[in-house]
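Per-entry structural report
Listed below are the residues making up each chain.
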Amino acid sequence: MDFVCGTDLTNKAQVQEVFTYITKFTPSVVIMSPLCTTMGGWSRLNRHSNPERFAFERRRAEQIADVCAAVAMLQLKGNRHFCIENPRGSYIFKLAKYQQVYDTGHVVSVSFPQCACGLTSPEGEPAQKWTTLWTSSEMLARPFRALQCRHNSHRVLEGSVGGMNRTKLAQVWPAMMCAMIIDAVI
Ligand SMILES: [Zn+2]
């Protein structure tokens, strides 16, 4: 459900297809990771160096985040589950639609450092990216509560390597994080 697998959540018709799919197939859990390029610490830098581009990206990110919140609501209404991942402190959790989701009283939140589930820099050093999950399932959140960073040092995710932005590379979930989510789901 993102650009990687071909669905554009800023496109109304495609968003409608997503809702139709969910209504028809009633998935037990929907895992979502709305775009976060304009979120987190680095967004402050772009905001000043390129305000127009920042405003455009931010609007697009909010549109996608709102679709994810609507999907979460749809899941809750059907007594099913969802999980939304974003950097800790991300502004999406403060958006009105997210507050509505939270106010249902069916959301648990967990924050953890991704280095504890194997996130590394391209050079293989641990990268401590604090991440937050909002989910309707305590079973899904529980394994992440136990995660602890045991490293003495980390690679700071800034600059680029091999022509790729480090923060962008870190948007890909480490295999262990995916496995933990899948284990909790099945
Ligand atoms: Zn660590």
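The sections below set out a description of the structure shown in this document. This structure is a prediction, so every number in the text was calculated from the model and none was measured. (Residues numbered from 1 in each chain as written. Predicted model: local features only at pLDDT ≥ 70, side-chain atom pairs only at ≥ 80, totals over all residues.)

Moving on, we come to the overall build of the protein. Across its full length, the protein carries seven helices and six strands. Element order for the protein, N to C, with α for helix and β for strand: α-β-α-α-β-α-β-β-α-β-β-α-α. Residues counted as buried form 26% of the 186 residues belonging to the protein. The contacts of the protein with a sequence gap of at least 6 include a subset with a gap of at least 24, amounting to 71%. (Helix = DSSP H or I, 4+ residues; strand = E, 2+ residues; numbered from the N terminus. Buried ≥ 20, exposed ≤ 12 C-beta atoms within 10 Å, placed from the backbone. Contact = placed C-beta atoms within 7 Å.)

This brings us to the environment of Ala65. Residue position: Ala65 is located in helix H3 (residues 51-77). Taking the number of C-beta atoms within 10 Å as the measure of exposure, Ala65 has 25 and is therefore buried. Spatially, the C-alpha atom of Ala65 lies 9.2 Å from that of Phe93, the residues being 28 residues apart in sequence. When sequence neighbours within four positions are dropped, the list of residues in contact with Ala65 reads Pro34, Ile92 and Leu95.

It is worth spelling out the sheet that holds strand E2 (residues 81-87) at this point. A sheet is described by the order of its strands in space; here four strands give the open sequence E1-E2-E4-E3, paired in mixed fashion. Sheet topology places strand E1 (29-32) and strand E3 (108-113) at the edges, where each strand pairs with a single neighbour. Strand-to-strand twist of the sheet, defined as the mean angle between neighbouring strand axes without regard to direction, takes the value 15°. Bridge analysis of E1 against E2 gives four bridges, and the strand direction is parallel. By the bridge assignment, Val29 is partnered in E2 with His81. Packing against the sheet, H3 makes contact with E1 and E2, and its axis sits at approximately 155° to E2. (Pairing = 2+ DSSP bridges. Axes fitted to C-alpha atoms, helices over the stretch in contact; angles between N-to-C directions.)

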